[in-house]
Each structure stands twice: as structure tokens, then as C-alpha cells.
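Commentary on secondary and tertiary structure
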Amino acid sequence: MVEKLDDAARAALGAQLPGWTLDGEHLKRSFAFADFNQAWGFMARVALLAEAQDHHPEWFNVWNRVDIALTTHDAGGLSVRDVRLAQAINALL
């Protein structure tokens, strides 16, 4: 089972994950693209990363915007799995 991040690890998230915010037990970020096609393409690339890591985001899409929230349900909150996926998503940009 994956363990929840401790307070020290949570405090370091801001420096490790530019653009992401901590909201309770979720890491969140909103992305804006030129149009729906670019947003959908981004979602497809994130889906491939998520599938490879076997860790799937909660997300929402309207036209050119994609909102992503990451948490580890098995851990009851944030885990290293969320950090890894957020870093991989950032690397796509």
C-alpha cells in the first residue's frame, strides 16, 4: 500500500511542482490551451502517462481548459504517486 505524504513532504510540494496548488488532499492545476483540439491532445498525452503509471487523475475539460486534481485514494490523500504524475504532466508542457 502507498503511504500518505508526511507534513515535511507536503511542505516541499510548492518548490517541486510549479503551477500546482495544494487543496486539502488534492494537488490541483488548471491548464488553458488555444482551442479544444490542443486541450484534447494534452489530455490524450496525460492519459498515456497515467496509464503507464497506473495512477489516474480526476479531471474536467471544457473547450480549451483542462483542470486536473490528483490524490491517492488507496492512501487516503496525497502520496508520492501524485507527485510523480504531476512532475510528468509538467514535463509535457
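Reading guide: rules and limits
Residues numbered from 1 in each chain as written. Predicted model: local features only at pLDDT ≥ 70, side-chain atom pairs only at ≥ 80, totals over all residues. Heavy atoms only, no water. Patch = residues over 30% accessible without salt bridge, like charges linked within 9 Å, V, L, I, M, F, W, Y side chains within 5 Å. Areas by Shrake-Rupley, 256 points an atom, 1.4 Å probe, with all protein chains shown as cover. Salt bridge = Lys/Arg side-chain N within 4 Å of Asp/Glu carboxyl O. Helix = DSSP H or I, 4+ residues; strand = E, 2+ residues; numbered from the N terminus. Expected span 1.5 Å × (residues − 1). Contact = heavy atoms within 4.5 Å. Polar contact = N/O pair within 3.5 Å; in protein donor to acceptor, adjacent residues only side chain to side chain. Pairing = 2+ DSSP bridges. Axes fitted to C-alpha atoms, helices over the stretch in contact; angles between N-to-C directions. Core = buried A, V, L, I, M, F, W, Y, C linked by side-chain atoms within 4.5 Å. Buried < 20%, exposed > 50% of the residue type's maximum accessible area, 1.4 Å probe, protein only. Left-handed = near helix turned anticlockwise from the far one by under 90°. Nonpolar A, V, L, I, M, F, W, Y, C, P; charged D, E, K, R; others polar.

Turning our eyes to something else, we now look at a nonpolar patch on the surface. Side chains of F36, W40, F60, V62 and W63 sit close together on the surface and give an oily, nonpolar patch of about 550 Å² of accessible area. Listed by contribution, the elements that provide at least two residues to the nonpolar patch are α3 (36-53) and β3 (58-62). Tracing the backbone shows F36 in helix α3.

For the rest of this paragraph, the subject is helix α4 (residues 80-92). Count 3.6 residues to each turn of an α-helix, and residues three or four apart come out pointing the same way. With 13 residues, α4 should reach 18 Å at 1.5 Å per residue; the first-to-last C-alpha distance of 19 Å fits that figure. Those residues of α4 that are buried lie in contact with α2 (13-16), β2 (26-32), α3 and β4 (65-70). The opening residue of α4 is S79, an N-cap whose side-chain oxygen sits 3.1 Å from the backbone nitrogen of R81.

Across the sheet, which stays open at both edges, the four strands sit in the order β1-β2-β4-β3 with antiparallel pairing between neighbours. Of all strands in the sheet, those bounded by a partner on one side alone are β1 (21-23) and β3. Neighbour-to-neighbour, the strand axes of the sheet open up by a mean angle of 25 degrees, direction not taken into account. Seen against the sheet, α3 touches β2, β3 and β4 and runs at an angle of roughly 165 degrees to β3.

A few words on the nonpolar core. Counting residues in hydrophobic clusters, the biggest one holds 19 residues, and the most contacted among them are W20, L27, F42, I68 and I89. Once you skip the residues sitting within four places of it in the chain, I68 turns out to touch W20, L27, K28, R29, F31, F42, V46, P57, E58, W59 and I89.

What follows covers the packing of α3 against α4. Between α3 and α4, whose axes approach to 10 Å, the crossing angle comes to 145 degrees. Between α3 and α4 lies a crossing of right-handed hand. Contact residues: α3 offers F42, R45, V46, L49, A50 and Q53, while α4 offers R81, R84, L85, A88, I89 and L92. Here the residues of the contact of α3 with α4 are counted per class, giving eight nonpolar, one polar and three charged.

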